[in-house]
Amino acid sequence: MRDSTRHALERAAELTGNNRLVEAMATAEPVILAADEYESAEIRQWLIDHTDGFTREA
């Protein structure tokens with residue numbers, strides 16, 4: 001996965017943890033939509049592996 005994609009996902013997790021879901025979606029959605037099938041699989045796995053980052057409060 002590209003570094004820019006990973007950074008966007010990490011930032012989205014941080015924003016979600018801070019109850020800023022709209023901003024989190026605005027950050028993550030463009031990179032998710034732009035991903036090819038291989039990067040999409042990596043994103044899917046990253047999201048599974050980092051579920052706690054989206055569900056915990058910061």
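Anything mentioned here points back to the structure above.
Residue positions are counted from 1 within each chain, in the order its sequence is given. For a predicted model such as this one, the threshold for reporting local features is a pLDDT of at least 70, and the threshold for listing and counting side-chain atom pairs is 80 or more; totals across whole chains, interfaces and linings nevertheless cover every residue. In computing side-chain properties, one takes all heavy atoms of the structure into account and sets aside hydrogens as well as water.

Visitor: Sorry, what's going on with unusual backbone geometry here?
Guide: Comment: phi is negative for the bulk of residues other than glycine, and the bulk of peptide bonds are trans. At Asn19, a position not held by glycine, the phi torsion is positive, near 60 degrees. The exposure class assigned to Asn19 is exposed, which follows from its relative accessible area of 63%. Only protein chains enter the accessibility calculation, which uses a 1.4 Å probe. A residue is then buried if its area is under 20% of the maximum for its type, exposed if over 50%, and partly exposed in between.

Visitor: Quick question: what am I supposed to make of the packing of helix α1 (residues 3-17) against helix α2 (residues 21-34) here?
Guide: Packed helices, taken two at a time, are described by the angle between their axes plus the distance between the axes. To get an axis, fit a line to the C-alpha atoms, keeping to the stretch in contact for a helix; angles then go from 0 to 180 degrees between the N-to-C directions. What counts as a helix is a DSSP run of H or I of at least four residues, what counts as a strand is a run of E of at least two, and both are numbered from the N terminus. Packing of α1 against α2 leaves a shortest axis separation of 8 Å and a crossing angle of 165 degrees. It follows that α1 is roughly antiparallel to α2 by the angle criterion. The chirality of how α1 crosses α2 is left-handed. Counted together, Thr5, Ala8, Leu9, Arg11, Ala12, Leu15 and Thr16 of α1 and Leu21, Glu23, Ala24, Thr27, Ala28, Val31 and Ile32 of α2 form the full contact between these two elements. Under this scheme an angle from 65 to 115 degrees is roughly perpendicular, one under 35 degrees roughly parallel, and one over 145 degrees roughly antiparallel; angles in between are oblique. Whether a crossing is left-handed or right-handed is set by the direction in which the near helix is turned from the far one by less than a right angle, anticlockwise for left-handed and clockwise for right-handed. By the convention used here, residues are in contact when the closest approach between their heavy atoms is within 4.5 Å.

Visitor: Got a minute to help me understand the pattern of salt bridges in this structure?
Guide: When charged atoms on two side chains of opposite charge get close, those side chains can pair. Think of a salt bridge as a Lys or Arg side-chain nitrogen and an Asp or Glu carboxyl oxygen that are within 4 Å of each other. By the definition in use, this model includes 3 salt bridges. Between Arg11 and Glu14 there is a salt bridge; the shortest N-O distance is 2.6 Å. Of the two residues, Arg11 and Glu14 are both situated in helix α1; the distance of 3 residues between them amounts to about one turn of the helix. One salt bridge connects Arg20 with Glu23, and the closest N-O pair in it is separated by 2.7 Å. By relative accessible area, which is 33% here, Arg20 ends up partly exposed.

Visitor: What exactly am I supposed to notice about the nonpolar core here?
Guide: Nonpolar side chains in soluble globular proteins generally cluster together in the buried interior. Leu9, Ala12, Leu15, Ala24, Ala28, Ala35, Ile43 and Trp46 together form the largest nonpolar core, which totals 8 residues. Broken down by secondary-structure element, the contributors of at least two residues to this core are α1, α2 and α3 (37-49). Take the buried Ala, Val, Leu, Ile, Met, Phe, Trp, Tyr and Cys residues and link them wherever side-chain atoms come within 4.5 Å; each set so joined is a nonpolar core.

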